[in-house]
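Results of the structural survey
Residue strings, one per chain:
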Amino acid sequence: MPQGVFYVESMPASAEREADFHDWYQNTHLPEMAALPGVVSARRFAPTNGKGPFVTLYELEADDLDAIIAHVREAAAGFTMSDAVDMTVNPRMRVLRLIGEHGPSDAQA
């Protein structure tokens, strides 16, 4: 089955709301997203220098990755949103399909 990721950049509404942003993302939004068909896991990342957006990678498995994203967009109307998320700028989002991988077990002996 094809694999890919849904890449999302987002920011808290303000520095003062960052803790609320992380709490909502981890305890509300990720479970809502992970419950959708085709979304198999999610990982969040923070910038190492503390500046810039936070990134979430949702790992996807389905025959049609774009159909998963269409379903996410439809389901988004029912998601629990938080005013701790900066909605003044649309989050940057991309769907990427897996084209190769390499890990420790793939190394030449």
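Remember, it's a predicted structure, so these values are computed and weren't measured experimentally.

1. Some points on the pattern of salt bridges
What the rule picks out here adds up to four salt bridges. Between Arg92 and Glu9 there is a salt bridge, with the nearest N and O atoms lying 3.7 Å from each other. One end of the pair, Arg92, is in the loop between helix 2 (65–75) and strand 4 (93–97); the other, Glu9, is in strand 1 (residues 3–10), with 83 residues separating them in the sequence.

2. Examining the pairing of strand 3 (residues 54–61)
Among the eight residues that make up strand 3, six are buried, leaving the element largely enclosed by the rest of the structure. Sheet analysis places strand 1 next to strand 3, joined by eight bridges and oriented antiparallel. By the bridge assignment for strand 3, Phe6 is matched with Tyr58. Taken together, the six bridges between strand 2 (residues 39–45) and strand 3 define a ladder with antiparallel strand orientation. Within strand 3, the residue paired with Phe45 across the bridge is Val55.

3. Describing the sheet that holds strand 4
Pairing in this open sheet of four strands is antiparallel, and the strands run 2-3-1-4 from one edge to the other. Each having just a single partner strand, strand 2 and strand 4 make up the two edges of the open sheet. In this sheet, neighbouring strand axes are inclined to one another by 20 degrees on average, regardless of whether the strands run parallel or antiparallel. Along the sheet, helix 1 (residues 18–34) contacts strand 1, strand 2 and strand 3; its crossing angle with strand 3, the most-contacted strand, is approximately 5 degrees.

4. Some points on the environment of Pro37
Locating Pro37 in the fold gives a position in the loop between helix 1 and strand 2. On the basis of relative accessible area, Pro37 is assigned to the exposed category, the value being 56%. A C-alpha to C-alpha distance of 18 Å links Pro37 and Thr80, two positions 43 residues apart in sequence. If near-sequence neighbours (up to four positions away) are discounted, Pro37 is found in contact with Ile68 and His71.

5. Focus: helix 2
An α-helix turns once every 3.6 residues. As a result, residues three or four positions apart point the same way. What helix 2 keeps buried is the set Leu65, Ile68, Ile69, Val72 and Ala75. Angular distribution of buried residues about the axis of helix 2 spans 120 degrees; they occupy a single face of the element. For helix 2, the exposed residues lying more than 90 degrees away from the buried face are Asp66, Arg73 and Glu74. Buried positions along helix 2 lie against strand 1, helix 1, strand 2, strand 3 and strand 4. The opening residue of helix 2, the one whose side-chain oxygen lies 3.2 Å from the backbone nitrogen of Asp66, is Asp64.

6. Some remarks on the environment of Val89
Here Val89 lies in the loop between helix 2 and strand 4. Here the alpha-carbon distance between Val89 and Ala42, two residues 47 residues apart in the chain, equals 22 Å.

7. Considerations on the layout of surface pockets
The computed volume of the largest pocket comes to approximately 340 Å³. Lining the largest pocket are 17 residues, with Val8, His29, Met81, Pro91 and Met93 positioned closest to its centre. Breaking the lining of the largest pocket down by element, the ones donating at least two residues are strand 1, helix 1 and helix 2. Here the lining of the largest pocket gets four residues from one element, more than from any other, and that element is helix 1. The class makeup of the residues in the lining of the largest pocket is 14 nonpolar, two polar and one charged.

What counts and what doesn't
Residues numbered from 1 in each chain as written. Predicted model: local features only at pLDDT ≥ 70, side-chain atom pairs only at ≥ 80, totals over all residues. Heavy atoms only, no water. Salt bridge = Lys/Arg side-chain N within 4 Å of Asp/Glu carboxyl O. Helix = DSSP H or I, 4+ residues; strand = E, 2+ residues; numbered from the N terminus. Buried < 20%, exposed > 50% of the residue type's maximum accessible area, 1.4 Å probe, protein only. Pairing = 2+ DSSP bridges. Axes fitted to C-alpha atoms, helices over the stretch in contact; angles between N-to-C directions. Contact = heavy atoms within 4.5 Å. Arc of directions from axis to C-beta. Polar contact = N/O pair within 3.5 Å; in protein donor to acceptor, adjacent residues only side chain to side chain. 1 Å grid on protein atoms, 1.4 Å probe; cavity = no way out; pocket = protein on both sides within 12 Å on 5 of 7 lines; lining within 4 Å. Points joined across faces, edges and corners; volume = space filled by probe spheres on them. Nonpolar A, V, L, I, M, F, W, Y, C, P; charged D, E, K, R; others polar.

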